[in-house]
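Each chain, letter by letter, is given below.
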Amino acid sequence: MNEKGLEREEIISVLNKSKSEDLKYNRVLSSMCTYPHEIAIHAHMQFMESNMGDFGLFRGTYDLEVSVLRSLGELLHHPEVSGYMTTGGTESNIQAIRSMRNIFQRKDKCHKPNLVVPDSAHFSFDKVSDILDIELRKATLDKDLKVSIDSVRSLIDDNTIGMVAIAGSTEFGQVDQIDILSDIALENNIFLHVDAAFGGYVLPFLEEQHDFDFKLPGVTSIAIDPHKMGLSTIPAGVLLFRDPGQLESLRADTPYLTVSTQYTLTGTRSGAAVAATYAVMNFLGKEGYRKIVADCMEATYYLLDRLAEIGIYPLIEPVMNVVALDIPKADLIRSTLAKDFNWQVSITQNPHGLRLVIMPHVTIEMIDSFVQDLRTVLETI
Ligand SMILES: Cc1ncc(COP(=O)(O)O)c(C=O)c1O
C-alpha cells in the first residue's frame with residue numbers, strides 16, 4: 001500500500017484499464033452467470049452498505065430476504081420453507097451437508113459418515129468432503145448422463161447420511177430421476193439434497209415440467225442460485241430446508257451482535273445481493289422468467305440446428321440451456337477458439353465433449369458467428 005493515497009483520476013484510470021482487460025460476455029459461452037438485470041443493479045447499488053451478518057441493524061433488508069425465501073418456497077412447492085441467502089451454490093451445498101452431518105452426529109453414530117453423490121456433481125462437493133471429513137461416494141451415470149439408480153442403491157449403507165441429486169448438472173444440464181431418489185431417501189431414512197443451483201430458475205419455467213423440488217416428499221433441502229439464471233447480482237445463492245430443524249442444526253450463538261444467533265457460514269453477508277434478488281424476482285415475476293427461459297431455449301435449439309449443418313451433434317438432447325457436444329479433440333478446439341477467435345467455451349470430462357451454456361446474453365448473431373468460427377477451426381486442426 002502507498003504511504004499517501006493516489007489521485008481519484010489515477011485510480012479510475014487503473015480501474016478502467018482493468019475493466020477493459022476483462023472479457024465481455026459477448027464472447028462467453030462457458031459461464032453460468034450473465035449480466036444482472038438492470039433493476040437488480042439498481043437495488044444492489046442502493047443497499048451496498050447493508051450487512052446481513054448483523055441484520056438487526058438492517059431490518060428492512062432482512063424483510064426483503066424473508067420475502068425472497070417465501071417466494072422461492074412457494075415456487076418450489078413448500079411455502080413454509082426455512083433457509084437463508086448464501087454466497088452461491090458452493091456455500092449452499094456445504095451448509096446443506098453440514099446440517100446432515102450435525103444431525104447424524106447427534107444420533108451418536110461413531111463411524112465416518114458418507115454421502116452419495118452423482119459422478120456429475122459439482123466440484124463443490126469435493127470441498128464438502130474435505131471440510132466436513134465426510135466420505136464422498138460417487139455414483140456412476142447412466143446412458144442419459146443421469147445418476148444410475150442401481151449405482152446409488154449399491155453405495156448406501158448404515159453410515160450414509162444422505163444423497164445429492166442434481167437438477168441441472170454443471171456439465172450437461174441434465175436432471176437426475178429425483179422422484180426415484182426421493183423414494184430411496186424415504187426408504188432409507190436419509191436426507192436428500194437437490195443441487196438446483198443452475199436449474200432452479202430454469203426448470204419451473206420450461207414448458208416440459210420436471211419433478212425436482214419439495215413436491216417430492218423425500219427432498220429435504222435445495223440449493224438455488226439467483227446469481228445464475230435468476231439474473232441477480234453476485235453473490236446471491238439460496239439454501240432452503242423443508243424442516244426448520246435442519247436449519248437449527250447450523251445455529252451459532254453471536255453474543256456481540258444485534259441478533260443472538262446466526263445460521264450462516266459467513267459472518268458478514270451482502271444485503272445488496274438480497275435487495276437485488278428481491279427486485280429482479282418481483283420485477284420479472286413468473287411470466288418474465290418464463291420468457292427469459294423460452295428465449296434461451298429457442299437460442300439453444302437454433303444453435304443445435306446450425307451445428308447439425310456442420311455435422312456436430314449433442315451428447316444428450318438438451319434439457320435446458322446447457323449443451324455438451326460430441327466432438328473429438330475438444331481440448332484443442334477449445335484452446336484454438338480462444339486463441340484465434342477469443343471465444344470462451346468449456347469442456348466436459350466424462351464423456352469428453354465441448355460444453356456451451358446459452359445464457360440470456362447469447363444472441364442469434366453470436367451463435368452465427370461462433371458456428372462459423374468453429375467450422376474454420378474444424379477445417380484447420
Ligand atoms: C450445479 C451447480 N452447483 C453448484 C455450483 C457452485 O455455484 P457457485 O459457483 O455459485 O458457488 C455450480 C456452479 O456452476 C453448479 O453448476
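In this text, all values refer to a predicted model and were calculated from it rather than measured experimentally. (Residues numbered from 1 in each chain as written. Predicted model: local features only at pLDDT ≥ 70, side-chain atom pairs only at ≥ 80, totals over all residues. Heavy atoms only, no water.)

Topic: the pattern of salt bridges
Here's step 1: Summed over all chains, the structure comprises 17 salt bridges.
Here's step 2: As a salt-bridge pair, arginine 269 and glutamate 65 come within 2.9 Å of each other at their nearest N and O atoms. Of this pair, arginine 269 sits in the loop between β9 (261–262) and α9 (271–309) while glutamate 65 sits in helix α3 (residues 59–75), and the two are 204 residues apart along the sequence.
Here's step 3: What makes arginine 269 buried here is its relative accessible area of 9%.
Here's step 4: The shortest N-O distance in the salt bridge between aspartate 126 and lysine 138 comes to 3.1 Å. (Salt bridge = Lys/Arg side-chain N within 4 Å of Asp/Glu carboxyl O. Helix = DSSP H or I, 4+ residues; strand = E, 2+ residues; numbered from the N terminus. Buried < 20%, exposed > 50% of the residue type's maximum accessible area, 1.4 Å probe, protein only.)

Describing helix α5 (residues 124–132)
Here's step 1: Looking at α5, one finds that the buried residues are Ser124, Phe125, Val128, Ser129 and Leu132. Projection of α5 onto a plane perpendicular to its axis shows the buried side chains occupying an angular sector of 150°, all on one side. Away from its buried face, by an angle of more than 90 degrees, α5 presents the exposed residues Asp130 and Ile131.
Here's step 2: Looking at the buried residues of α5, the elements they touch are α4 (89–106), β2 (114–118), β3 (135–139), β4 (160–166) and β5 (191–196).
Here's step 3: Directly after α5, the chain includes aspartate 133, whose backbone phi takes a positive value near 55°. (Arc of directions from axis to C-beta. Contact = heavy atoms within 4.5 Å.)

Observations concerning the sheet that holds β5
Here's step 1: Spatially, the seven strands line up as an open sheet ordered β1-β7-β6-β5-β4-β2-β3, and their pairing is mixed. What marks the edges here is a single partner per strand, and that holds for β1 (82–86) and β3. On average, adjacent strands in this sheet sit at an angle of 20° to one another, irrespective of strand direction.
Here's step 2: Lying on the sheet, α5 is in contact with β2, β3, β4 and β5; it crosses β3 at an angle near 150°. (Pairing = 2+ DSSP bridges. Axes fitted to C-alpha atoms, helices over the stretch in contact; angles between N-to-C directions.)

A closer look at the domain arrangement of the chain
Here's step 1: Assigned domains within the chain: domain 1 (8–36 + 286–380) and domain 2 (38–282).
Here's step 2: Relative to domain 2, the C-alpha centre of domain 1 lies at a distance of 27 Å.
Here's step 3: With 28 residues of domain 1 at the contact, the number on the domain 2 side is 36 residues.
Here's step 4: Between domain 1 and domain 2 lies a buried interface of about 2,600 Å² when both sides are counted; carbon and sulfur atoms form 72% of it.
Here's step 5: If you sort the residues of domain 1 by the area they bury against domain 2, Pro36, Tyr289 and Met320 come out on top, with a joint share of 28%. (Domains from an automatic or database assignment. Buried area = accessible area lost by both parts, 1.4 Å probe.)

Overview of the pairing of β4
Here's step 1: Most of β4 is tucked away: seven of the seven residues are buried.
Here's step 2: When β2 meets β4, the two strands line up parallel, connected through three bridges. Across the sheet, asparagine 114 pairs through a bridge with threonine 160, a residue of β4.
Here's step 3: Across five bridges, β4 lies against β5 in parallel orientation. Pairing of isoleucine 166 across the sheet is with aspartate 195, part of β5.
Here's step 4: Considered for its hand, the β-α-β crossover made up of β4, helix α7 (residues 178–188) and β5 is right-handed. (Right-handed = clockwise from strand over helix to strand, strands pointing away.)

Observations regarding the nonpolar core
Here's step 1: Membership of the largest hydrophobic core comes to 67 residues, with the highest contact counts inside it found for Met163 and Ile178.
Here's step 2: No other element matches α9, which puts 13 residues into this core.
Here's step 3: Composition of this core by domain shows at least three residues from each of domain 1 (8–36 + 286–380) and domain 2 (38–282).
Here's step 4: Excluding residues within four positions of it along the chain, methionine 163 makes contact with Met100, Leu115, Val116, Val152, Ile156, Leu181, Ile184, Ala185, Ile190, Phe191, Leu192 and His193.
Here's step 5: Counting residues in each nonpolar core, the second largest holds 25 residues, with Leu303, Ile333, Val345 and Met366 among its members. (Core = buried A, V, L, I, M, F, W, Y, C linked by side-chain atoms within 4.5 Å.)

Regarding the sheet that holds strand β13 (residues 353–357)
Here's step 1: As summarised here, the arrangement of the four strands in space is β10-β11-β13-β12, forming an open sheet in which the pairing is antiparallel. The two strands at the open ends of the sheet, each matched to only one other strand, are β10 (313–314) and β12 (346–348).
Here's step 2: Strand direction decides the pairing type here: β12 and β13, joined by three bridges, are antiparallel. What sits directly across from isoleucine 347, in β13, is leucine 354.

A word on the site of the ligand
Here's step 1: The immediate surroundings of the ligand are formed by 13 residues, with Thr90, Thr170, Asp195, His227 and Lys228 found nearest.
Here's step 2: Within the side chain of threonine 90, an N or O atom sits 2.6 Å from an oxygen atom of the ligand.
Here's step 3: Contacts to the ligand include threonine 170, whose side-chain N or O atom sits 2.9 Å from an oxygen atom.
Here's step 4: Across the complex, the protein chains shield 83% of the 390 Å² of accessible surface that the ligand would expose by itself.
Here's step 5: Looking at which element gives the most residues to the shell around the ligand, the answer is α4, with three residues.
Here's step 6: Tallied by class, the residues present in the shell around the ligand amount to two nonpolar, eight polar and three charged. (Near = heavy atom within 4 Å. Polar contact = N/O pair within 3.5 Å; in protein donor to acceptor, adjacent residues only side chain to side chain. Areas by Shrake-Rupley, 256 points an atom, 1.4 Å probe, with all protein chains shown as cover. Nonpolar A, V, L, I, M, F, W, Y, C, P; charged D, E, K, R; others polar.)

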